[in-house]
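Coordinate analysis (summary)
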Amino acid sequence: MCIEWAGEQDWDRIKGYAKEHGSEVLLGVHSVHVDEKWKVTSVLSIASYNDNVEMVKLTLEAGFDNKEAMYLAAQTSMKNSDNSTILRLLLEHGLDPNIDLQVEGLVEGIYNLLMSAAAAGHIDHAIALLDHGANVNKTMVRPDGHVVSPLAFTICFGGHDYFRLFLTRGAIPTTSDVLYVFTLCLKACKGEDPRLSRDVAIQIFATFLHLGKPDSDVVRDKFNLAPPSYHDPTIANITKHYLQGRPFCCFVCEALTAASRSKLHMCPCRNVAYCSKDCQVKHWKEHKVQCTGPLNERGESEAMVKKRSKTGKGVAAGEADVGVAEGAVAEGAGATGKNGKKGKKGRGKKK
Ligand SMILES: [Zn+2]
Ligand SMILES: [Zn+2]
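Okay, so let's go over this structure. Counting from 1, residues in each chain are numbered in the order their sequence is written. Going through the entries in the order they are written, you letter the chains from A and number the ligands from 1. The predicted nature of this model means local features are confined to residues of pLDDT at least 70 and side-chain atom pairs, given and counted, to a pLDDT of 80 or more, with totals for whole chains, interfaces and linings taken over all residues. Hydrogens and waters are ignored; side-chain quantities use all the structure's heavy atoms.

**Comments concerning the coordination of the zinc ion (ligand 1)**
Note on metal geometry: ideal angles are 109.5 degrees for four donors arranged tetrahedrally and 90 or 180 degrees for six donors arranged octahedrally. The condition that has to hold: Donors, by definition, are the N, O and S atoms found within 2.8 Å of a metal, the threshold being 3.2 Å for Na, K and Ca, and water is not counted, so a site can look incomplete. When four donors show all angles between 85 and 135 degrees the site is tetrahedral, when four or six donors have opposite pairs over 155 degrees and all other angles between 65 and 115 it is square planar or octahedral respectively, and in every other case it is irregular.
The zinc ion (ligand 1) binds to the protein through Cys250 (SG), Cys253 (SG), Cys275 (SG) and Cys279 (SG); the donor distances cover 2.3 Å. In this structure, the zinc ion (ligand 1) is surrounded by four donor atoms whose angles at the metal cover 103 to 117°, and the resulting shape is tetrahedral. Each donor residue of the zinc ion (ligand 1) lies on one chain, and together they are spaced C-x2-C-x21-C-x3-C.

Structure follows, in structure tokens:
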């Protein structure tokens, strides 16, 4: 009966029943039913399936804590709901975001919750899991022996937003992630991956290098591994810039072009580039400590000149107003422009 109610919204009846018989009657829902595979049928999972928040709450508040059922409810909810209300309720009531039923032998070949969130396509779910301590670097072993990381998993689903989220939440790319990103992005640029467009692949690639900061030797190695016919000009350009330590995307949002033009705006120090004044302002507080200010015609910063001549005075570069940097953008823009729109058009021929 309780299971039937899980799909209903007749709260007066359900709550009246629970009140009359004690809320633990809802624990009857516990009667975990394991079918021929591994599914656990419970009020919780059915209520999650029906996106029935009230019933989920009632069940959890009655003390329901079967971990398989909670895990399944979380999986179901991620598939069926575009908000994280139920998932958050489960987490608040003890669902372990790193639960590994595979290791415990209860579930075979299933991905962890974070991976499932990436597959289901609602970023809210991944944020809820991470907020509750999900380990963004927790890998899973596939039945074929392949080790899959949540980061690599997001690329399969073309989810740049997930990819970025995982990197900003501390995902550390493994060597096989680097190979995976190269392979997937280069294939996508060739039009060989129906799930990933060239634009998204390039954006994922830029974000990967900028935020993931993979080891340069590994990057060089993996790039050279790809057959030359797969060397997409934009990917090649971004890789070259990365290996040379030059900016190739907006420091703040990884955009490859400015909103109003094809070239990014370079900070006069030429170490960072931005897509817009907004992004530059956002980053200025952090960057002003490192910013060496504009370079002279010999490519030297003010500090370098000062050191050389020991006579330099004037404003310390770090104190320059953001407006100054913006004003000086035009001359510097060429450097980033080459990996920006030009590369995107498939040429990147500017030397
Ligand atoms: Zn930006
Ligand atoms: Zn600067």
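That was the structure; now back to the text.
**A word on the coordination of the zinc ion (ligand 2)**
Formally: Numbering of helices and strands runs from the N terminus, with a helix taken as a DSSP run of H or I at least four residues long and a strand as a DSSP run of E at least two residues long. To sort residues, take the accessible area from a 1.4 Å probe on protein chains only and compare it with the maximum for the residue type: under 20% means buried, over 50% means exposed, and anything in between is partly exposed.
Here the zinc ion (ligand 2) is held by the protein donor atoms Cys267 (SG), Cys269 (SG), His287 (NE2) and Cys291 (SG), which lie 2.0 to 2.3 Å from it. Angles of 103 to 116° at the metal separate the four donor atoms of the zinc ion (ligand 2), which places the site in the tetrahedral class. Mapped onto the sequence, the residues coordinating the zinc ion (ligand 2) show the spacing C-x1-C-x17-H-x3-C. Of the two residues, cysteine 269 is situated in the loop between strand S5 (265–266) and strand S6 (273–274) and cysteine 291 in the loop between helix H15 (277–287) and helix H16 (302–309); the sequence distance between them amounts to 22 residues. Here the two residues cysteine 269 and cysteine 291 agree in accessibility, since each one is buried.

**Notes on the side chain of histidine 287**
Our working rule: Should any heavy atoms of two residues lie within 4.5 Å, those residues are counted as being in contact.
Within the secondary structure layout, histidine 287 lies in helix H15. With sequence-adjacent residues up to four places away left out, histidine 287 is seen in contact with Cys267, Cys269, Val272 and Tyr274.

**What to know about the pattern of salt bridges**
Selection criterion: We define a salt bridge as a contact between a side-chain nitrogen of Lys or Arg and a carboxyl oxygen of Asp or Glu at a distance within 4 Å.
Under the definition given, this model contains seven salt bridges. When the shortest N-O distance is used, the salt bridge between aspartate 217 and arginine 220 registers 3.1 Å. Placement of the pair is aspartate 217 and arginine 220 together in helix H13 (residues 216–225), with a separation of three residues, close to one helical turn. Relative accessible area serves as the criterion here: at 36%, arginine 220 is assigned to the partly exposed category. Notably, a salt bridge pairs aspartate 221 with lysine 222, separated by 3.9 Å at the nearest N-O pair. Connected via shared salt-bridge partners are Arg88, Asp131 and Arg169.

**Digging into unusual backbone geometry**
The phi dihedral of aspartate 51 is positive, around 55°, even though this residue is not glycine. You can see aspartate 51 is positioned in the loop between helix H3 (43–49) and helix H4 (53–61). In this structure, lysine 213 is a non-glycine residue whose phi angle is positive, near 40°. Looking at where lysine 213 falls in the secondary structure, it is placed in the loop between helix H12 (198–212) and H13. For lysine 213, a relative accessible area of 57% puts it in the exposed group.

**With respect to the nonpolar core**
Our working rule: For our purposes a nonpolar core is just a set of buried Ala, Val, Leu, Ile, Met, Phe, Trp, Tyr and Cys residues, chained together by side-chain atoms within 4.5 Å. Domain delimitation follows an automatic or database domain assignment.
With 70 residues, the main nonpolar core has Leu90, Leu129, Phe166 and Ile235 as its most contacted residues. Take this core: its biggest share by element is eight residues, from helix H11 (residues 175–189). Split by domain, this core shows at least three residues from each of two domains, domain 1 (1–95) and domain 2 (246–351). Once residues lying within four places of it in the same chain are set aside, the contact partners of isoleucine 235 are Phe182, Cys185, Leu186, Cys189, Ile202, Phe205 and Phe223.

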